[in-house]
Amino acid sequence: MNLGYEFKNKQLIKCAFTHISYANENNIESNQRLEFLGDSILSFIVAEKLYELYPKADEGNLTKMRAALVCEKSLAQKASALGLGEQLVFGKSESRSDGLHKSSILCDTFEAVLGAIFLDGGIEPAKNWVMKVFDGDFENTERIDLTNYKSELQSYYQKKEKRRNMISYKLKERKGPDHNPQFTVNVYVDGRLMGEGTGNNLKSAEQLAAKEALKKSSGK
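Residues numbered from 1 in each chain as written. Predicted model: local features only at pLDDT ≥ 70, side-chain atom pairs only at ≥ 80, totals over all residues. Heavy atoms only, no water.

Q: What is the right way to read the environment of Leu 114 from this model?
A: When you line up the elements, Leu 114 lands in helix H7 (residues 103–121). With relative accessibility at 0%, the residue Leu 114 sits in the buried group. Separated by 99 residues in the primary sequence, Leu 114 and Cys 15 place their C-alpha atoms 12 Å from one another. If we skip the residues at most four places from it in the chain, Leu 114 touches Gly 38, Ile 41, Leu 42, Ala 126, Trp 129 and Val 130. (Helix = DSSP H or I, 4+ residues; strand = E, 2+ residues; numbered from the N terminus. Buried < 20%, exposed > 50% of the residue type's maximum accessible area, 1.4 Å probe, protein only. Contact = heavy atoms within 4.5 Å.)

Here it is in structure tokens:
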């Protein structure tokens, strides 16, 4: 395995590869605390890089880009490419359930390794490792829609009717647990329902509602 980082404290990387099932069976520390730390470190590093790269992107689009980069599928693929799964040690129960190939476990391991790198060398080595692993991913935003549909919708009606239309957004419903809420928002133009959008925060839901309204209004 070519991790791309040389540990001074070997115990840290050993812990990063210790699954909870093995830890419980052997009464030792698992990689869960390192995973917790690595998750926060990764979020910070990715957020800072996106903030620098996309000065015109608003909070909602920056959040979507970060979510796409650090989602379970993305991190599991990177963990697999690095060969992290092969280094994991499992207890008997997890070994029988083929834990090596579970996306959630690979994702957790990636975060644990990053947490270990941060503790071993600090924030700069952690940043360097993330930049190396995510090489080119930050610039590949084709899958992320950066259009500000709320602004586009406002501009469309101002140009079309030469007056200020009353565009309002109203929360239709909020559902789901606190850690993963879903907001549904309706957008009205002069009192007419023109679009609806659902997202994991109000801003993204409003943008999706505005996108639908713009499509309905312009026919594009």
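Q: I'm lost on the packing of helix H4 (residues 59–70) against helix H5 (residues 72–82) in this one. Help?
A: For any two helices packed against each other, the geometry comes down to the angle between their axes and how far apart the axes lie. It is at 5 Å that the axes of H4 and H5 come closest, and there the two elements cross at 40°. As far as their axial angle goes, H5 and H4 are oblique. The residues of H5 that touch H4, namely those facing Ala 68, Leu 69 and Val 70, are Glu 72, Ser 74 and Leu 75. Here the residues of the contact of H4 with H5 are counted per class, giving four nonpolar, one polar and one charged. (Axes fitted to C-alpha atoms, helices over the stretch in contact; angles between N-to-C directions. Parallel < 35°, antiparallel > 145°, perpendicular 65-115°, else oblique. Nonpolar A, V, L, I, M, F, W, Y, C, P; charged D, E, K, R; others polar.)

Q: Sorry, what's going on with the sheet that holds strand E3 (residues 192–199) here?
A: Sheets are built from strands paired through backbone hydrogen bonds, the pairs being either parallel or antiparallel. With respect to topology, three strands assemble into an open sheet ordered E1-E2-E3, the strand pairing being antiparallel. Sheet topology places strand E1 (167–175) and E3 at the edges, where each strand pairs with a single neighbour. Mean inter-strand twist for the sheet, computed between neighbouring axes without regard to direction, equals 20°. Summarising the sheet, strand E2 (residues 182–189) and E3 pair through seven bridges and their orientation is antiparallel. Across the sheet, Val 189 pairs through a bridge with Arg 192, a residue of E3. (Pairing = 2+ DSSP bridges.)

Q: What exactly am I supposed to notice about the packing of aromatic side chains here?
A: Given two aromatic rings, one states the distance between the centres and the angle between the planes to describe the pair. Evaluation of the coordinates by the stated rule reveals five aromatic pairs. Ring geometry for Phe 110 versus Trp 129: centroids 5.0 Å apart, planes at 35°, classification tilted. Taken together, the residues span a long stretch of sequence, with Phe 110 in helix H7 and Trp 129 in helix H8 (residues 123–133) at a distance of 19 residues. Residue classification places Trp 129 among the buried positions, given a relative accessible area of 1%. (Phe/Tyr/Trp six-rings, centres within 6.5 Å; stacked < 30°, edge-to-face > 60°.)

Q: Got a minute to help me understand the pairing of E1 in this structure?
A: In regular strands, side chains alternate between the two faces of the sheet. Looking at chain direction, E1 and E2 are connected through eight bridges and run antiparallel. Within E2, the position partnered with Ser 168 by the bridge is Tyr 188.

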